[in-house]
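# Inside the fold
Spelled out, the chains give:
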Amino acid sequence: MPGGKILIFLLMLLLVVFGLRFFGNIPVGTETVSTSTIATSSDGTAPVTDKSSVVPKKQVPTPISEPTPEEQQPEEQTPQQLNIDPAQIPDGFSVNQLSPYFRRVIFSGVSFPGDITLSLAYDIMSPINITGWLIQARRGGQVIPQAINIYDPTGLVPETDIYLRPGDVLRMFPYASTIGKNFRLNKCIGALENENHFTPSLPWYCPALYKNYSEISSFTGKCQDYISSLNYCTAPDFYSVDIPYDDYACQAYLQNTINFKGCFDKYRGDTDFLTNEIWAWTGNDRLLDERHDRVLLFDRTGLLVDEYSY
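Residues numbered from 1 in each chain as written. Predicted model: local features only at pLDDT ≥ 70, side-chain atom pairs only at ≥ 80, totals over all residues. Heavy atoms only, no water.

## Topic: helix H5 (residues 260-267)
Among the residues making up H5, those that are buried are Phe260, Gly262, Cys263, Phe264 and Tyr267. Elements in contact with the buried residues of H5: strand E10 (183-186), helix H2 (192-195) and helix H4 (248-257). For H5, the side-chain oxygen to backbone nitrogen distance between the N-cap and Lys261 is 3.2 Å, and the N-cap itself is Asn259. (Buried < 20%, exposed > 50% of the residue type's maximum accessible area, 1.4 Å probe, protein only. Helix = DSSP H or I, 4+ residues; strand = E, 2+ residues; numbered from the N terminus. Contact = heavy atoms within 4.5 Å. Polar contact = N/O pair within 3.5 Å; in protein donor to acceptor, adjacent residues only side chain to side chain.)

Below, the structure written as structure tokens:
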């Protein structure tokens, strides 16, 4: 029937249209894009990347700056790192009982009843703090004390730890200090002997009374000659006929200048004011044996640094 054919044709046409609409929504090809990866910004102008899909960059550690000289600390070496010859290990000790400072600080001299001298080995270039180290002999021991690095006229500067520097020498005496202090010697230290009597006597480190002759050029000629014959280790004789009785400026100069304070004030700024000797008085005259002794030096941890036998 013509009407039936027309109906069938319309159904087929409807199926074709429906199929085209359904299959037309499938994207062509196999590559797809995740909607969670790329989106559009709120204004629709620029793509926004989803952070959950971003591969994190490799973290590069921030470089550590080199320490300043003040922060740098000398690294102590173990006896094994020092490559000590077994033949150099003192009798009665093992390598594990040797200090990292072994043979870096050495006995330069030992004598009865208790004179001891310590210094750095010739190849050591860094200061070493030796205060608190122990000197042990058969009769007993002696701890290395503190000392004043720059002794001034007030006498109030506190003692501090002793740092041996290259070329330094620590001399320890078995007597008492006249002023109750240990100190590094300086250019003017001999003037202290005029006011105090030390055992042993202080060295005669005695510079000239003036740096420039103009300091005394206004005095009488007789006074100038007398001043030129003196130094800071020589106490002036105020009854001397060489001091004009009417040259009051000369007399005042002698009274106020020829002493430790006058020397200290004049020479303190010199680059060579301090010497390389440190003197310490222990008052320990029973430390050493009169005939023979073995003297050992230990660091603060009780490890052996050096030995001396006589």
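## Notes on the sheet that holds strand E6 (residues 134-136)
In space, the 4 strands of this open sheet follow the order E7-E6-E12-E13, with antiparallel pairing throughout. What marks the edges here is a single partner per strand, and that holds for strand E7 (141-143) and strand E13 (304-309). Taking each pair of neighbouring strands and ignoring which way they run, the sheet shows an average axis angle of 15 degrees. Direction of pairing for E6 relative to E7: antiparallel, over a ladder of 3 bridges. (Pairing = 2+ DSSP bridges. Axes fitted to C-alpha atoms, helices over the stretch in contact; angles between N-to-C directions.)

## Brief notes about the nonpolar core
Nonpolar side chains in soluble globular proteins tend to be buried together. Formed by 32 residues in total, the largest nonpolar core has its most connected members in Phe183, Leu202, Leu209, Ile227, Leu254 and Phe260. Of all the elements in the fold, those that place two or more residues in this core are E10, helix H3 (221-228), H4, H5 and strand E11 (274-281). By residue number, the principal contributor to this core is H5, which donates 4 residues. Excluding residues within four positions of it along the chain, Phe183 makes contact with Ala147, Ile148, Tyr151, Ile189, Phe198, Leu202, Glu277, Ile278, Trp279 and Trp281. Counting residues in each nonpolar core, the second largest holds 26 residues, with Ile124, Ile128, Ile135 and Ala280 among its members. (Core = buried A, V, L, I, M, F, W, Y, C linked by side-chain atoms within 4.5 Å.)

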